Amino acid sequence: MEESIHNIELKQFVFEKYMDNRAVADKYLIDSITTINQKDNETQTEVNSLKQRISQLEIVVIQLEEENKTLKETMEKQIKEKSDELEKMNQRYSLLDSILKDVVRSLEEMKNQNKNTLIPTDEKKEENEIPEKIQKENEECKTNANNEIVFKKDESNENEVSKKTSPITEVVETQTKDEEKQEIEVDELEEELLLDKELESQIEQISTKKVIDVIYKGTEDGFSAEEFNRCVGSYKNILFVIKTTKNEVFGGYCSDVPVVDDIARGVFGDKDHFVFTIKNNIPIKFVKREINSYSTWLFPDDSENILCFAGAFLISGNCRENEESRLSGNFKREYEDNGQTIIDHPNFRVSEFFAIQLE
């Protein structure tokens, strides 16, 4: 700017010196200075605008850094949860493998034991039979007056045969009983490890999906929101099954279970959602009247509630010890009930609670 003013003053001097026109020189000077001031103001305005833009960008950068930090923490938490779930599944499979190996080993030992029991009994019998047979033949074989051999009729033949076969029969019967006992133990093991076959069939019938695994069982994992969330969070295609102390069975389906943090999380617009009940071994299915609404709710770890199907029922914490779990009074409004009810009383106590993953 100093150089520009210097040039202007030089031009003014030229005007005065050689053109003898002071008025023109003054006007030129004033116009030039005004133009320079305008450009300076515009430059300053642009600088201020750039500073403001930089400040805005700095705020955006800070927000992005915070979001990135939050996202990173969320991802780390989910990875940890998945790792815990994988570890738990590995433990389950290891336990199952160990139990099955023990069963196979027991069967092999029993088979070898029965085999060893049969062999010495048979050998001992043969050793005793040879001299007895010779003695018996000597007694039964006699000669008549013509030195002809006459055999005495063996009246106790049938009894002798029965006596000869009785030790083997006893061993076979013992082996059969042991095998039946082992089969009973295996059946009891299957009943303990697997879902009830009839219930599994009813679940597949009402959901038209195949059962893959039981990922949560209340009597084993615990009747609390913390244990429930740890087992089922972030899973897809989950059917929840509740058994009451009055042998009632009902539940609901959620296609995408949310991950719960410090606030309750709900599922909105789940077009595949439904609730159901099983009465007289017949599954009955209820669907939402309005799809664009909340269906499934999960609660924080420290909550007094575990699971809620909006408009259907609520499962409270420690539900095996109390009757605070209850049906919703809005069931007829929220679901197409066709004159049916889930159960016939508003409050209930839970005896078992499953979360079952479907295909």
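Everything below is about the structure printed above this text.
What counts and how
- Residues numbered from 1 in each chain as written.
- Predicted model: local features only at pLDDT ≥ 70, side-chain atom pairs only at ≥ 80, totals over all residues.
- Heavy atoms only, no water.
- Core = buried A, V, L, I, M, F, W, Y, C linked by side-chain atoms within 4.5 Å.
- Buried < 20%, exposed > 50% of the residue type's maximum accessible area, 1.4 Å probe, protein only.
- Helix = DSSP H or I, 4+ residues; strand = E, 2+ residues; numbered from the N terminus.
- Contact = heavy atoms within 4.5 Å.
- Polar contact = N/O pair within 3.5 Å; in protein donor to acceptor, adjacent residues only side chain to side chain.
- Arc of directions from axis to C-beta.
- Pairing = 2+ DSSP bridges.

Chemist: Tell me about the nonpolar core, and name the residues and values.
Modeler: Ranked by internal contacts, the top residues of the largest apolar core, which has 34 residues, are Val232, Phe240 and Phe353. Among the secondary structure elements, those contributing two or more residues to this core are strand S3 (211-217), helix H6 (225-232), strand S4 (236-244), strand S5 (249-256), strand S8 (282-287), strand S10 (305-309), strand S11 (313-316) and strand S14 (350-358). Discounting chain neighbours no more than four positions away, the residues touching Val232 are Ile215, Tyr216, Phe240, Val257, Leu298 and Ala355.

Chemist: Let's hear about the environment of Lys88: which residues, and what values?
Modeler: With respect to the helices, strands and loops of the structure, Lys88 is situated in helix H2 (residues 22-140). A residue is classified by how much of its surface remains accessible, and Lys88, at 17% relative accessible area, is buried. Separated by 143 residues in the primary sequence, Lys88 and Cys231 have C-alpha atoms spaced 9.1 Å apart. With near-sequence residues (within four places) excluded, Lys88 lies in contact with Asp221, Arg230 and Cys231. Polar contacts involving the side chain of Lys88 include one to the side chain of Asp221, which spans 2.6 Å.

Chemist: Let's hear about H6: which residues, and what values?
Modeler: Regarding H6, the residues found buried are Ala225, Phe228, Asn229, Cys231 and Val232. Down the axis of H6, the sector holding all buried residues measures 165 degrees, keeping them to one side. Once H6 finishes, Ser234 follows within two positions and takes phi at roughly 75 degrees, a positive value.

Chemist: Outline the pairing of S14, listing residues and values.
Modeler: In terms of burial, S14 is a largely internal element, seven of the nine residues being buried. Bridge count between S4 and S14: seven bridges; the pairing is antiparallel. Directly across from Ile238, in S14, lies its bridge partner Gln357.

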